[in-house]
Amino acid sequence: MRSSQHLCIAALAAALMAFTSGSALAQKRYDTGASDTEIKVGNIMPYSGPASAYGVIGKTQEAYFNKINAEGGINGRKIKFISYDDGYSPPKAVEQVRKLVESDEVLVVFNPLGTPSNTAIQKYLNGKKVPQLFVATGATKWNDPKNFPWTMGWQPSYQSEAHIYAKYLIKEKPDGKIAILYQNDDFGKDYLKGLKDGLGPKDSMIIAEESYETSEPSIDNHIVKLKASSADVFISITTPKFAAQAIKKLAEIDWHPVHIVSNVSASVGGVIKPAGFENAQGILSAAYAKDGADPQWDNDPGMKRFFEFLAKYYPDGNRLDGSTVYGYGVAQTLVKVLQMCGDDLTRANVMKQAASLKDFEPDTLLPGIKINTSPTDFAPIEQLQMMRFKGEKWDLFGDIMSGDLSN
Amino acid sequence: MSAVEEVVTEHPAVEAVPKRAMTLGYGTSLVVLALLVITPMFVKNFIIFQMTMLLIYGTAVLALNILTGGSGQFSLGQSAFYAIGAYTSAILMEQYNVNYALTLPIAGILCFAAGFLFGQPALRLSGVYLALATFALATAMPQLLKLGFFEKWTGGVQGLVVTKPDAPFGLPMSQDMWLYYFTLVITIAIYIFSVNLLRSRSGRAFMAIRDNEIAASAMGIDVALYKTLAFGVSAGITGVAGGLGAIAVQFVAPDSYTITLAISLFLGMVVGGVGWLPGSIVGAAFIIFVPNIAEGVSKGLSGAVFGVLLFLVIFLVPHGARQVALVGQQLASKFRKN
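Everything numeric here is computed off the predicted structure, so don't read it as measured data.

(A) Local environment of the overall build of chain A. Summing up its helical and strand segments, chain A has 12 helices and 13 strands in all. With respect to the principal axes defined by its C-alpha atoms, chain A has extents near 105 × 45 × 40 Å. Considering chain A as a whole, with its 407 residues, one finds that 50% of them fall into the buried category. For chain A, restricting intrachain contacts to residue pairs at least 6 apart in sequence, the fraction spanning at least 24 positions comes to 69%.

Shown next, in the form of structure tokens:
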């Protein structure tokens, strides 16, 4: 009798222990902005002002989160996406981000757009220990986990892209003479540094550099000067308007070097077409995302999912606009990170999971390009593929290349 | 008709505002002041930050009000002076480790000089032509800040990150609250200075020039001197506001000080009531909060909604907040009589 009672108590105690330890394992942990039913994601975008064309990114993301919510959310939690307009103005960005963090109490600030706006909010968010996740700018400085452990980029940095051109040139044109035209701002300078680092000991290949200001009406005289340097490689680190001018001018003065255009200006509709298809044959560039305008992806399963999403959740979205492709890819990456967080939705865990992505492939990235991060590597996409313009579209060629200089 | 006659018969650019109508009564002033002092103790840090920005933009609008409402000159170039003030503070704080409070008078003096000098050639221009000349200044400024020559100090396109000051003497308040009260004290000082300036001899000279330049010069007013002086004072105050703005936002970059800012300030002045100094804070509230309201109504059409709201304000109360205040005052006195 006695012993059976003991046994009973022991069994009960064991059961109780098992139960409590089990619940400890599955314990839910939340920071501000997350709960059993909801995850609040904040964002700022230039819906108005000089960069308002990028506002499409925010709208695409909102539509994508609507899709995720309609399909049941993330581990049963709905995403509440709060996106504000900063008009591409840093003081407004600070105001709106503070509103997101202190008034709306979001868990993360996701994909804020623009180098100036992100620079303005970086110190604040890191001080508050709020993730500034997958920022929408190509500057290299976002990959700095040591000083800014709460900030992470997403797309390949300008320097990564420049490294790839350098690698290509060293391999394909080892005794080339390079002339560079670059825009005199953070974009141009980041790129130029990437090229020089990429060429390394061979940076003497660069025989001429010219910079231009965005305020200049025409860059013709720079091109003429660069031609006079007798270079046989021309790298155009330019924004769309100037890239188109350069392509035209080169044809006009009958200069036919190996012509590389930065990914920023690789748009067929925005650059190549206005410059004339006949002038653009053979131009080189690099890409990391699939192009919605390119028919070769019409039967690609990933792009099919993207087109279905556009049709159902964002019918106003234009598949030819690179911004919808971009917004979809980066939103998908966030959803992946939040899924990996499971029931531990603390800000620290969000950063930890974002820093442990392994071979993740969003639908819209080129086949073979994978997102990899680690606690010391906060640059999710570092690979691109070279492409050559032929006929009326880009042809991808060669292997997927990494912008990482060590391999 | 000779040119002189033409000038004389021409309508003054700005409607004359009697000097006493430029300020608030003592009672109202005290109520507003009490509200400004007490509110921050009960609200979140974010609201305090917005109130700080309200005071800063209010000061900048006030500066424009002295120039336009006081001396009758237009300026679309206030963003340039705001930028000079902001960069002066930021550079002194970050590159030379100067105390933030000391950077403000330096920013003010520098902007006063810049405004005074710019006022010299601008003297030959009036009305819309002056507005265009200052417009040129505002469009040039962001590009000047990007110039490679200045990059060593300005940080070029990347801008400069500014460290926010802590409350001194171990005061138990947050950085935001301290900065708010710091800004409040400076704003009140500038407000009192401005009211007294407009009531002084110089202020009367400004207004005489505004109402009729030829009559003013006939009375022995040195028109050239007072016009440039008005420019200088306005620029100086704008510079102090810019410096405070840089500290509050913790970041300066060329893109922060585009022509949009100058137009916003101009808008704030008109909405607040040209020549009515207390209206500056109402105007500042308009340019800070109405875009947010517009965005809340429709994200895609925020600009259009803002336009409609602005149109309604200008259509219904063309003299801005001053008109509303006057109507309120009349109602109050009627109420008292009954």
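(B) Spatial organisation of the overall build of chain B. On a plain count of helices and strands, chain B comes out with 15 helices and two strands. At 20 Å, chain B has a C-alpha radius of gyration in line with the 20 Å of a compact globule built from 338 residues. When the backbone C-alpha atoms are referred to their principal axes, chain B occupies close to 60 × 60 × 45 Å. The buried share of chain B, reckoned over its 338 residues, is 49%. The long-range share in chain B, meaning contacts at least 24 apart out of those at least 6 apart in sequence, stands at 78%.

(C) Broad picture of the packing of helix α3 (residues 45–71) of chain B against helix α11 (residues 223–249) of chain B. All names here are of chain B. At a minimum axis distance of 9 Å, the contact between α3 and α11 shows a crossing angle of 170 degrees. In terms of their interaxial angle, α3 and α11 are classed as roughly antiparallel. Considered class by class, the residues forming the contact of α3 with α11 number 18 nonpolar, seven polar and one charged.

(D) Representation of the interface of chain B and chain A. Residue-level contacts link 23 residues of chain B with 22 residues of chain A. Contributing elements (two or more residues each) for the side of chain B that touches chain A: α3, α6 (128–146), α11 and α14 (302–316) of chain B. At five residues, α3 of chain B tops the list of elements feeding residues into the side of chain B that touches chain A. Here the residues of the side of chain B that touches chain A are counted per class, giving eight nonpolar, 10 polar and five charged.

(E) Just helix α10 (residues 301–313) of chain A, in detail. All names here are of chain A. End to end, α10 covers 18 Å across 13 residues, agreeing with the expected 18 Å (1.5 Å per residue, within 8%). Within α10, the full set of buried residues consists of M303, F306, F309 and L310. Projected onto a plane normal to the axis of α10, the buried residues spread over an arc of 115 degrees and lie on a single side. Exposed residues pointing more than 90 degrees away from the buried face of α10 are listed as P301, E308, A311 and K312.

(F) Layout of helix α8 (residues 240–252) of chain A. Residue and element names in this part refer to chain A. An ideal rise of 1.5 Å per residue puts 18 Å on 13 residues; α8 measures up with 19 Å between its terminal C-alpha atoms. F242, A243, A244, Q245, A246, I247, K249 and L250 are the residues of α8 that are buried. The first or second residue beyond α8 is D254, which carries a positive phi of 60 degrees.

(G) Just the environment of G272 of chain B, in detail. Residues and elements named next belong to chain B. Relative to the assigned elements, G272 resides in helix α12 (residues 259–272). C-beta crowding within 10 Å serves as the criterion here: with 30 such atoms nearby, G272 is assigned to the buried category. Sequence spacing of G272 and D166 is 106 residues, and the spatial spacing of their C-alpha atoms is 33 Å.

(H) Expanded view of the packing of helix α4 (residues 78–96) of chain B against α6 of chain B. Residue and element names in this part refer to chain B. Direction vectors running N to C along α4 and α6 enclose 30 degrees, while the axes themselves pass 8 Å from each other. Here α6 runs roughly parallel to α4, going by the angle between their axes. Listed contacts from α6 to S79, A80, A83 and Y87 of α4 are L137, A138, M141 and L145. Among the residues forming the contact of α4 with α6, the class breakdown is seven nonpolar, one polar and no charged.

(I) Molecular detail of the pairing of strand β7 (residues 206–212) of chain A. Residue and element names in this part refer to chain A. Bridging between strand β6 (residues 178–183) and β7 involves six bridges; their strand directions are parallel. What sits directly across from Y182, in β7, is S211. With helix α6 (residues 186–199) bridging β6 and the parallel β7, this β-α-β connection has right-handed handedness.

(J) Up close: the sheet that holds strand β4 (residues 108–110) of chain A. Residues and elements named next belong to chain A. Reading across from one edge, β3-β2-β4-β5 is the order of the four strands in this open sheet, with parallel pairing throughout. Of all strands in the sheet, those with a lone pairing partner are β3 (78–85) and β5 (132–133), marking the two edges. As paired strands, strand β2 (residues 38–45) and β4 are joined by two bridges and run parallel to one another. In the strand pairing of β4, V41 is matched with V108.

(K) Highlighting the confidence of the model for chain A. With 93% of its residues at a pLDDT of 70 or more, chain A shows a mean pLDDT of 88. When mean pLDDT is taken per element in chain A, β4 of chain A scores highest with 96 and helix α1 (residues 2–25) of chain A scores lowest with 55.

(L) Highlighting the environment of N349 of chain A. All names here are of chain A. Inspection of the secondary structure puts N349 in helix α12 (residues 347–354). For N349, a count of 19 C-beta atoms within 10 Å puts it in the partly exposed group. Between the C-alpha atom of N349 and that of Y30, which follows or precedes it by 319 residues, the distance is 9.8 Å. Other than its neighbours up to four places away in sequence, N349 contacts C341 and D344.

How each quantity is defined
- Residues numbered from 1 in each chain as written.
- Chains lettered and ligands numbered in written order.
- Predicted model: local features only at pLDDT ≥ 70, side-chain atom pairs only at ≥ 80, totals over all residues.
- Helix = DSSP H or I, 4+ residues; strand = E, 2+ residues; numbered from the N terminus.
- Buried ≥ 20, exposed ≤ 12 C-beta atoms within 10 Å, placed from the backbone.
- Contact = placed C-beta atoms within 7 Å.
- Rg over C-alpha atoms; globule rule 2.2 N^0.38 Å.
- Axes fitted to C-alpha atoms, helices over the stretch in contact; angles between N-to-C directions.
- Parallel < 35°, antiparallel > 145°, perpendicular 65-115°, else oblique.
- Nonpolar A, V, L, I, M, F, W, Y, C, P; charged D, E, K, R; others polar.
- Expected span 1.5 Å × (residues − 1).
- Arc of directions from axis to C-beta.
- Pairing = 2+ DSSP bridges.
- Right-handed = clockwise from strand over helix to strand, strands pointing away.
- pLDDT = per-residue confidence, 0-100.

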